[in-house]
Amino acid sequence: MERMVAQIFESIFSKVGESFLSKVVEQTADNAHNNVKNIKDFEVSLKTLEKKLKSLSAKASDVEEEIKNAELSGRKKRKREVEEWLEQVKSIEKEVVELGSQVDSQGFVMRLMDGGRAPKLNHEVDHLVEQSRNFGELVLDICGNRGEAFLANGMVGEAFNHNLERILQLLEGRKVSSIGIYGMGGVGKTTLAKHINNRLLQQPQRRVLWVTVSQEFTITSLQDKIARLLGVDLSDEDDEGKRAARLHSALSRMKNSVLILDDVWENIDMLKVGCHISVECCRLVITTRSLRVCRQIRCQEVIPVKKLGKDEAWKLFNETLGNEIALGPQVEEIAKSVAKLCDGLPLGIISVAGSMRGETSIHTWTNALAELKECVVGQDGEGEDEVFKVLKYSFDQLNRTHQSLRNEFNTLQLCFLYCSLYPEDYQILKEDLVRKFICEGLMDQRKSRRGQIHQGHSILDKLVNVCLLESGVIFEEYVKMHDLVRGMALKICEGKYMVRAGKYSLIEIPDEHEWTNGLEKVSLMMSGIKRIRDGISPNCPNLSTLILCGSLLDTIPDSFFSKMQRLSSLDLGETDITTLPDSICEMKCLKTLFLDYCYNLENMPYLGNLKALRELNLSYTAIEEVPQGIEELLNLKFLSMDVRTLKILPRGLLLKLGNLQHVKLPFHIQVPIEEIENLKQLEEFSGGVENVNDFNRFITSRVHDTCYRVGVGYIYTARYRYFELYNNELILREVNLKDEKVSGQGVVYLTIIQCQGLSICFVDDFSGLNNPTSLKRVSIESCGGIECILSSDQGQGGSLPPQISTLEEIKLVELEDLKGVVKKEEIGASVAPAEIMFSSLRRLVIHKCSKIGKLGLPVLGVPNLEYIEIEVCGELQEIFEDDERGSVTLSKLKKLSLLELPRLKCVCRAKLICKSIETIEIVQCPSLVKKLPLHLDVSPPPTLRVIVLAEEWWESLEWDSLNLPQLLHPFLQLF
């Protein structure tokens, strides 16, 4: 340091002379100590900044990659807030580079003149990191989304077919712009609308927007639903009129579109919504229980849906029954009588028939007929009351095969009734719902946690099988209740359940007189309640469950919980609360406390008095310290505390909580391995450990074959759903793998980022992962050294390492030394037959690997490949090897995406036959012969839905250039 100061003095002397130097020396002497301290502070600040920026840049890279992958489908676009965030990250990166270069070139003087720039940049980086935590979805749907097909019950009856064809004819004509479908609940209106939706989607030029309206709706909520389908961002606009104008602008550009509004209960002013209904742009189809509503909305045509006739009802009943063994003549006559009692209502028929599946005994059918008669015959009621009676019978039948009663209901019935706590038409994720069953104590307490999860899924399957719940899949499996089934469940629980779920119009907590003594469960989830007024204290001595998650709640007075002594489950997740009232800490019966995604929650009260607490979720809050008293919660079984602001985990905490079965902690906190080993009941773990050796110890010490997600190194945690069951994932970042070898078996997902010491071949480093049913996904990013996934050494004698045969996904990003998945010279007689090389591989992604010339991947070695995405590989010339056959088939290939591959000459030299292709994207591949690199038996193939091609390709295609845009409209994009 002294030498640097002397050099500066000499430099100044040469420029300004001795007199000025004396003044500088005098001033410098006075401030020398401060300057040295400033330099050290600056260097620390700069190093901290560089470390934070490295993490932020990695996050930005992940976000950019996820967005680009989504945008490639042609059906998504990035959010504006995410785009702006990415621009800010680039700007910060540029500033830090400039700061570093100035320091390098100007040295000591620059550091003295910095003026706090590094700390300021540190603060800005922290702000950007915090911003990224609140993104939620990164992309929005765009108008290119033509709609989604539905799973729908089969059509039964001449009237159904007649109505379907009639409506389709009206939509084909040029006279009718709005159609109303009306009829009583459970008669099949929604089923008819689903078939209309699916038939319209078979017409390539059509776009269908499906919105479930339901009883509780507002103009704003309806605008939001339509906006999501159109990809219009209304989040920055509160004015109803301006929102309507934006929607109108988007809809006016859409030709041949149909808006289906299902389950409309009252008049809707479509102009206020922003939907100008017309034959040219957007037509309207509604379903409603009221002819009056059809007239109020001014439907030009109305279609009544009536009950099924006797023969049609029996046909639907018999189809739903689905007995593999035919019913005997006597039993069949009784079954027909049962079907008749359902009064021609499809929902009732499906429900009752579902409850009788597999029954062939005449005694069982006779008893069922008698019980159903008792339910529906000789009682006053019409319309929906009739359906309720039939549905109630199906509910009662749950007792028939599950006799172990709990109070007046058995476990199956209690789980079914719990589903009614969710909003109307809500798609409830199965995994979430099963975890809630566990929290409520509905599962067998003698089972392990994983055993309870299996039990919960089994119960949901049974409820779906008897047609009391509907099931479906979007990104994950879900169940939902028909609104009449939900209504029946709420009638059964009248006086015990108070449900206002999904009512955003509800801005105040219900009045105290509505909180009756008999209430057991209250659900106010996803409501508009913002705060609970001071002094309110509902008298609910029997209340066990209170759900406020997803509401706008930000304040809870201390008095609110004072008369809820038996409350055992409290869900405040996804609210805006900043603090908790102290009265929560006196709830001696509280077993579950959910505070997940309360982003503003910074402070927690002392929790040591909650001795009964078994489940605590604090993930994605803003706490910085572990709440006081948590070490006293000896009954705790579930602890989720994935909090990025958490500074430290007190040493010894997990040693005191020996009953934990589920633990989720942030990856940036390294958990001492001896504390994890102490958890003898642990079944699910997510968190960080110090090094690979600790991970290996964790694997060998698992008592219950623990499911895990473990991070080693500096990990930026991608947000995972709180209820997700971990699937044995290992993430390695900035680890030297030359010194630390992963030897643990059972890894299913392996991610390696910015690691050193990798061998030339992937399998050489991870020979310990040799469970033949284990490894399914490998992702390697920004690592040097690795040249291939498989080498000939592992294929000697025709046998391959088990890691290769189980792999379902390979992702390789920015690997500067990578030469191929399998090197060409390593494929020969000594290697295992190509047919079995990557027999399980479904997805192959390669980005920015500059040295790859040929992947060396035998086309016959990937029989199950569905997805190929290769981007920015400047030397790549060929993707698949062939064995000189005339043609080869990739029968399951659905997507081929080739972007920025300037030297790519061919995908495969043999004729590549793909019969299932859905998406083709070829952009900036100038060396590729200008014809599609696939052989398609039919041109264009019926499966193809998205095509993105460079403009120069277009005229060379053999397909009719007029027909193709119609087929693919509106997905076609020309670059």
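Peer 1: What is the right way to read the overall build of the protein from this model?
Peer 2: Counting its regular elements, the protein contains 26 helices and 36 strands. Put simply, the protein has 975 residues, and 53% of those count as buried. When the accessible surface of the protein is totalled, it reaches about 43,300 Å², and 48% of it is carbon and sulfur.

Peer 1: Teacher, can you tell me more about the nonpolar core here?
Peer 2: Note that soluble globular proteins tend to have their nonpolar side chains buried in a common cluster. In this structure, Trp-515, Leu-546, Phe-695, Leu-732, Ile-780, Phe-838 and Phe-880 are the most contacted members of the largest nonpolar core, which totals 138 residues. Take this core: its biggest share by element is four residues, from helix α22 (residues 692-701). The contacts of Trp-515, once residues within four sequence positions are left out, are Met-498, Ile-509, Pro-510, Val-522, Leu-524, Pro-538, Asn-539, Cys-540, Leu-543, Leu-546, Phe-560 and Met-564.

Peer 1: Looking at this model, I keep getting lost on the sheet that holds strand β6 (residues 282-288). Mind explaining?
Peer 2: Neighbouring strands of a sheet are bound in pairs by backbone hydrogen bonds; such pairs are parallel or else antiparallel. The five strands are arranged β4-β5-β6-β3-β7 in an open sheet whose pairing can be described as parallel. Among the strands making up the open sheet, the edge pair consists of β4 (207-212) and β7 (301-304). Here the average twist between neighbouring strands, direction ignored, is 15°. Bridge analysis of β4 against strand β5 (residues 257-264) gives six bridges, and the strand direction is parallel. Bridging across to β5, Val-211 finds its partner in Leu-261.

Peer 1: Would you take a moment to explain the pairing of strand β35 (residues 946-949) for this structure?
Peer 2: Successive residues of a regular strand alternate their side chains across the two faces of the sheet. What you see with β35 is no split at all: Val-946 and Val-948 on one side and Ile-947 and Leu-949 on the other are buried throughout. Alignment of strand β34 (residues 919-923) against β35, held across four bridges, turns out to be parallel. Bridging from a neighbouring strand, Ile-922 pairs with Leu-949 of β35.

Peer 1: Help me understand the side chain of Asp-571, please; the structure alone is not making it clear to me.
Peer 2: The topology assignment puts Asp-571 in strand β16 (residues 569-571). When near neighbours in sequence (up to four residues on either side) are disregarded, Asp-571 contacts Lys-436, Leu-546, Ile-547, Leu-548, Cys-549 and Phe-594.

Peer 1: Looking at this structure, how should I read helix α8 (residues 240-252)?
Peer 2: For the α-helix, the turn length of 3.6 residues means that residues three or four positions removed from each other point alike. Here α8 spans 18 Å end to end across 13 residues, near enough to the 18 Å set by a 1.5 Å rise per residue. In the core, the buried residues of α8 are packed alongside β4, α7 (219-230), α9 (270-273) and β6. The opening residue of α8 is Asp-239, an N-cap whose side-chain oxygen sits 3.0 Å from the backbone nitrogen of Gly-241.

Peer 1: Quick question: what am I supposed to make of the sheet that holds strand β10 (residues 428-429) here?
Peer 2: Strand order in this open sheet of three strands is β10-β12-β11, and the pairing throughout is antiparallel. Two strands bound the open sheet, and with one partner strand each, they are β10 and β11 (470-473). The sheet contact formed by β10 and strand β12 (residues 477-480) spans two bridges and is antiparallel. Bridge pairing links Ile-428 to Val-479 in β12.

Peer 1: Looking at this model, I keep getting lost on the packing of aromatic side chains. Mind explaining?
Peer 2: Within a pair of aromatic rings, the relevant descriptors are the distance that separates the centres and the angle that separates the planes. For the structure on display, the rule yields 13 aromatic pairs. On the numbers, 5.6 Å between centres and 45° between planes, the contact of Phe-685 with Phe-698 is tilted. Placement of the pair is Phe-685 in strand β21 (residues 684-689) and Phe-698 in helix α22, with a sequence separation of 13 residues. Summarising the burial analysis for this pair, Phe-685 and Phe-698 share the class buried. The rings of Tyr-418, Tyr-422, Tyr-426 and Phe-437 are connected pair by pair, giving a single aromatic cluster.

Peer 1: Which parts of the structure should I look at to understand the environment of Val-763?
Peer 2: Here Val-763 shows up in helix α23 (residues 762-765). Each C-alpha atom, one on Val-763 and one on Ile-789, is 6.5 Å from the other, the two residues being 26 residues apart in sequence.

Peer 1: Sorry, what's going on with the state of the cysteines here?
Peer 2: In a disulfide, the sulfur atoms of two cysteines are held together by a covalent bond. Using the criterion set out here, one finds zero disulfides in the structure. Its sulfur unpaired, Cys-755 is 5.0 Å from the next cysteine sulfur, which belongs to Cys-783.

Peer 1: Would you take a moment to explain the pattern of salt bridges for this structure?
Peer 2: Note that side chains of opposite charge can pair when their charged atoms are close. Applying the stated rule across the entire model yields 35 salt bridges. Of the charged contacts, one joins Arg-166 and Glu-301 as a salt bridge, the two residues approaching to 3.5 Å between their closest N and O atoms. Here the residue Arg-166 occupies a position in helix α5 (residues 158-172), and Glu-301 occupies one in strand β7, the gap between them amounting to 135 residues. Here Arg-166 falls in the partly exposed class, since its relative accessible area comes to 31%. Residue classification places Glu-301 among the partly exposed positions, given a relative accessible area of 24%. Lys-430 is the salt-bridge partner of Glu-477, the closest N and O atoms lying 3.7 Å from each other. On the criterion of sequence distance, the pair formed by Glu-477 in strand β12 and Lys-430 in helix α17 (residues 430-439) is long-range, its members being 47 residues apart. Sharing partners across several salt bridges, the network here consists of Glu-431, Arg-435, Arg-449, Glu-615 and Glu-684.

Peer 1: Any chance you could explain the pairing of β21 here in plain terms?
Peer 2: Buried residues dominate β21, accounting for six of its six residues. Side chains of β21 alternate between two faces, with Glu-684, Ser-686 and Gly-688 and Phe-685, Gly-687 and Val-689 buried alike. Relative to β21, strand β20 (residues 662-664) is paired through three bridges, and the arrangement is parallel. The residue bridging Lys-664 from the neighbouring strand is Ser-686, located in β21. Here six bridges tie β21 to strand β22 (residues 707-713), and the two strands are oriented parallel to one another. Directly across from Gly-687, in β22, lies its bridge partner Val-710.

Peer 1: Can you walk me through the packing of helix α16 (residues 411-418) against helix α18 (residues 449-465) in this structure?
Peer 2: How two helices sit against one another is set out by the angle between their axes and by the gap between those axes. Relative orientation of the contacting elements α16 and α18 amounts to 80°, with a least axis distance of 10 Å. Taken together, the axis directions place α16 and α18 in an arrangement best described as roughly perpendicular. Contacts from Thr-411, Leu-412, Cys-415 and Phe-416 in α16 reach Ile-459, Lys-462 and Leu-463 in α18. Its residues assigned to classes, the contact of α16 with α18 shows five nonpolar, one polar and one charged.

Peer 1: Before we go on, may I ask you to explain the environment of Ala-227 in this structure?
Peer 2: Tracing the backbone shows Ala-227 in helix α7. With 19 residues separating them in the primary sequence, Ala-227 and Arg-246 have C-alpha atoms 9.0 Å apart.

Peer 1: Would you mind showing me how to read the confidence of the model for the protein here?
Peer 2: Summarising the model, the protein shows a mean pLDDT of 79, and 78% of its residues fall at 70 or more. No element of the protein has a lower mean pLDDT than strand β36 (residues 973-974), which averages 35, and none a higher one than strand β15 (residues 545-547), which averages 97. Segment residues 104-115 is flagged for pLDDT under 50; beyond a separation of four residues in sequence, or across chains, it makes 19 contacts in the model. Low pLDDT, under 50, characterises residues 718-723; the stretch is placed with 30 contacts to residues that sit more than four places away or in other chains.

Peer 1: Would you take a moment to explain unusual backbone geometry for this structure?
Peer 2: It is generally the case that most residues other than glycine have a negative phi and that most peptide bonds are trans. Phi at Cys-467 is positive, roughly 65°, even though this residue is not glycine. Structurally, the position occupied by Cys-467 is in the loop between α18 and β11. What makes Cys-467 buried here is its relative accessible area of 18%. Phi angles above zero are rare outside glycine, and Tyr-620 is one such case at about 65°. Among the structural elements, Tyr-620 can be located in the loop between β18 (615-617) and β19 (638-640). A relative accessible area of 3% places Tyr-620 in the buried class.

About the thresholds
Residues numbered from 1 in each chain as written. Predicted model: local features only at pLDDT ≥ 70, side-chain atom pairs only at ≥ 80, totals over all residues. Heavy atoms only, no water. Helix = DSSP H or I, 4+ residues; strand = E, 2+ residues; numbered from the N terminus. Buried < 20%, exposed > 50% of the residue type's maximum accessible area, 1.4 Å probe, protein only. Areas by Shrake-Rupley, 256 points an atom, 1.4 Å probe, with all protein chains shown as cover. Core = buried A, V, L, I, M, F, W, Y, C linked by side-chain atoms within 4.5 Å. Contact = heavy atoms within 4.5 Å. Pairing = 2+ DSSP bridges. Axes fitted to C-alpha atoms, helices over the stretch in contact; angles between N-to-C directions. Expected span 1.5 Å × (residues − 1). Polar contact = N/O pair within 3.5 Å; in protein donor to acceptor, adjacent residues only side chain to side chain. Phe/Tyr/Trp six-rings, centres within 6.5 Å; stacked < 30°, edge-to-face > 60°. Disulfide = S-S within 2.5 Å. Salt bridge = Lys/Arg side-chain N within 4 Å of Asp/Glu carboxyl O. Parallel < 35°, antiparallel > 145°, perpendicular 65-115°, else oblique. Nonpolar A, V, L, I, M, F, W, Y, C, P; charged D, E, K, R; others polar. pLDDT = per-residue confidence, 0-100.

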